[in-house]
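# Observations on chain architecture
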Amino acid sequence: MSTRETVILVPGLLCDADVWTHQLAALSPLYDVIVPDLTRHDSLPGMAAHILDGAPERFSIIGHSMGGRVTLEVFRLAPQRVARIGLLDTGVHPAPPEELPKRQAMLDISAGQGMTALADAWLPPMVRPGLLAADPALRATLYAMIERMTPAIHRQQITALINRPDAAPLLSQIACPALVGVGELDLWSPPDQHVPIAEAIAGATMVVFERAGHMAPMEAPEAVNAALLEWMARPVAG
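The sections below set out a description of the structure shown in this document. (Residues numbered from 1 in each chain as written. Predicted model: local features only at pLDDT ≥ 70, side-chain atom pairs only at ≥ 80, totals over all residues. Heavy atoms only, no water.)

## Examining the overall build of the chain
Quick note on the threshold: Secondary structure elements follow DSSP: runs of H or I of four or more residues count as helices, runs of E of two or more count as strands, with numbering from the N terminus. Throughout, radius of gyration means the C-alpha value; the globule benchmark is 2.2 Å times the number of residues raised to the power 0.38. Each residue is assigned to one of three classes by its accessible area relative to the maximum for its type, calculated with a 1.4 Å probe on protein chains only: buried under 20%, partly exposed between the two thresholds, exposed over 50%. Only heavy atoms matter for contacts: two residues are in contact if any of them lie within 4.5 Å across the pair. Areas reported here follow the Shrake-Rupley algorithm with a probe of radius 1.4 Å; residue values treat only the protein chains shown as occluding. By the counting rule applied here, Lys and Arg register as positive and Asp and Glu as negative, while His and the ends of each chain are not counted. Where a charge lies is defined by one atom per residue type: Lys uses NZ, Arg uses CZ, Asp uses CG and Glu uses CD.
The number of helices and strands found in the chain is 12 helices and six strands. Here the chain has a C-alpha radius of gyration of 17 Å; the compact-globule value for 238 residues is 18 Å, and the two agree. Counting only C-alpha atoms and orienting by the principal axes, one finds that the chain spans roughly 50 × 40 × 35 Å. Considering the chain as a whole, with its 238 residues, one finds that 51% of them fall into the buried category. Put simply, of all contacts in the chain between residues at least 6 apart along the chain, 76% involve residues at least 24 apart. Accessible area for the chain stands at about 10,000 Å²; split by element, carbon and sulfur atoms hold 57% of it. With 16 positive and 25 negative side-chain charges, the chain shows a spacing of 3 Å between the two charge centroids.

## With respect to the packing of helix α2 (residues 44-53) against helix α3 (residues 66-77)
What counts here: For helices, the axis comes from a line fit to the C-alpha atoms of the stretch in contact; other axes are also lines fit to C-alpha atoms, and the angle between any two N-to-C directions lies between 0 and 180 degrees. Should an angle fall under 35 degrees it is taken as roughly parallel, and over 145 as roughly antiparallel, whereas 65 to 115 is taken as roughly perpendicular and any remaining angle as oblique. With the far helix as reference, a near helix turned anticlockwise by less than a right angle produces a left-handed crossing, and one turned clockwise produces a right-handed crossing.
Running from N to C, α2 and α3 point in directions that differ by 70°, and their axes come no closer than 8 Å. Our classification of the angle between α2 and α3 gives roughly perpendicular. The handedness of the crossing between α2 and α3 is right-handed. Contact residues: L44, P45, M47, A48, A49, I51 and L52 in α2; M66, R69, V70, E73, V74 and L77 in α3.

## Considerations on the sheet that holds strand β1 (residues 6-10)
The strands that make up a sheet pair up through hydrogen bonds in the backbone, lying either parallel or antiparallel. What counts here: In this description, strands pair whenever DSSP reports at least two bridges between them.
Taking strand neighbours across the sheet as the criterion, the six strands line up as β2-β1-β3-β4-β5-β6 in an open arrangement whose pairing is parallel. Each end of this open sheet is capped by a strand with a single partner; those strands are β2 (32-34) and β6 (205-209). Sheet twist, expressed as the average angle between the axes of neighbouring strands with direction ignored, equals 15°. Lying on the sheet, α3 is in contact with β1, β3 (59-64) and β4 (82-88); it crosses β3 at an angle near 145°. Of the strands in this sheet, β1, β3, β4, β5 (178-183) and β6 touch helix α12 (residues 221-233), which is tilted by about 160° from β4.

## Let's talk about the packing of aromatic side chains
What counts is decided by this rule: Whether two aromatic rings pair depends on their centres lying within 6.5 Å, for rings of Phe, Tyr and Trp, where Trp uses its six-membered ring; planes under 30 degrees apart make the pair stacked, over 60 edge-to-face, and the rest tilted. Criterion for a charge above a ring: Arg CZ or Lys NZ at most 6 Å from the ring centre, at most 35 degrees from the ring normal.
Scanning the model with the defined rule gives zero aromatic pairs in all. Sitting above the plane of the Y143 ring, R139 keeps its charged end 4.2 Å from the centroid.

## Topic: the pairing of β4
Burial runs high along β4: seven of the seven residues are buried. Here β3 pairs with β4 via six bridges, running parallel. Following the sheet pairing, F59 is matched in β4 by V82. Pairing of β4 with β5 involves four bridges; the strand directions are parallel. Note on β5: the bridge partner recorded for I85 is A178.

## Concerning the pairing of β3
Heads up, the rule is: A crossover gets the label right-handed when its path from the first strand over the helix to the second runs clockwise, viewed with the strands pointing away from the viewer.
With six of six residues buried, β3 lies mostly within the body of the structure. Burial along β3 is two-sided: F59, I61 and G63 facing one way and S60, I62 and H64 facing the other are all buried. Where β1 lies against β3, four bridges are found, and the strand directions are parallel. By the bridge assignment, L9 is partnered in β3 with I62. In this fold, the crossover linking β3 to β4 by way of α3 has right-handed handedness.

## Comments concerning helix α8 (residues 151-162)
Here is the rule: To estimate how far a helix should reach, multiply one less than its number of residues by 1.5 Å. What the arc measures is the spread of directions leading from the helix axis to the C-beta atoms.
Across its 12 residues, α8 extends 16 Å between first and last C-alpha, which sits within 8% of the 16 Å expected from 1.5 Å per residue. Restricting attention to buried positions, one finds in α8 the residues I153, H154, Q157, I158, A160 and L161. Buried residues of α8, viewed axially, fall in a sector of 155°; they line one side. Along its buried surface, α8 packs onto α2, α3, α4 (99-113) and α5 (115-122).

## A look at the environment of P190
Positionally, P190 belongs in the loop between β5 and α10 (191-200). Of the residues examined, P190 reaches a relative accessible area of 31% and is grouped as partly exposed. A C-alpha to C-alpha distance of 19 Å links P190 and I162, two positions 28 residues apart in sequence.

Here it is in structure tokens:
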């Protein structure tokens, strides 16, 4: 049985362990690292319960995008088990009415044209402008990750997101070391959205990753790694 601390890296919408490739490389020599599979559930509480079922009694957890919202659900369900919490490129607000038609348009593409067509439409605003053309290797990794998913998984995860709760009331309950991070050029969940999140968590550290869009763990891997290593080095109570 391992005596090392465990850190759980929670992927976002249509993402898997590949979104955390650089963080896995940085953290695995020091910690036991888990990347959960979020492709089997259509609710954030269901995803959170799945994570808890496979986690040790105490762990640190950080989520990216949808994974940040799942991370907050993990805290809602089992706050005493969370040693540290991290939220990257995410939000806490419930879905506003204007979000639903945008989500439905993407669902129509994946259902009608397939996952490559969805990647064509969805990915460009998810990264900093011009990056997909400038970095063919990153483009190929992102496309492959989306293409591993299915229209059914896409619909399940969108169902979870549009039915998400207001997580803002949870923030003041967080008393463990907390990291809030966001890409400087994140258009989907911009830095301004993260300021009140960090301010609501006592002692939280907020980091803005320069020249990164929404996919900050892949776009600014060294800066994200440094932030995660500093966060994991912070002592915890108990």
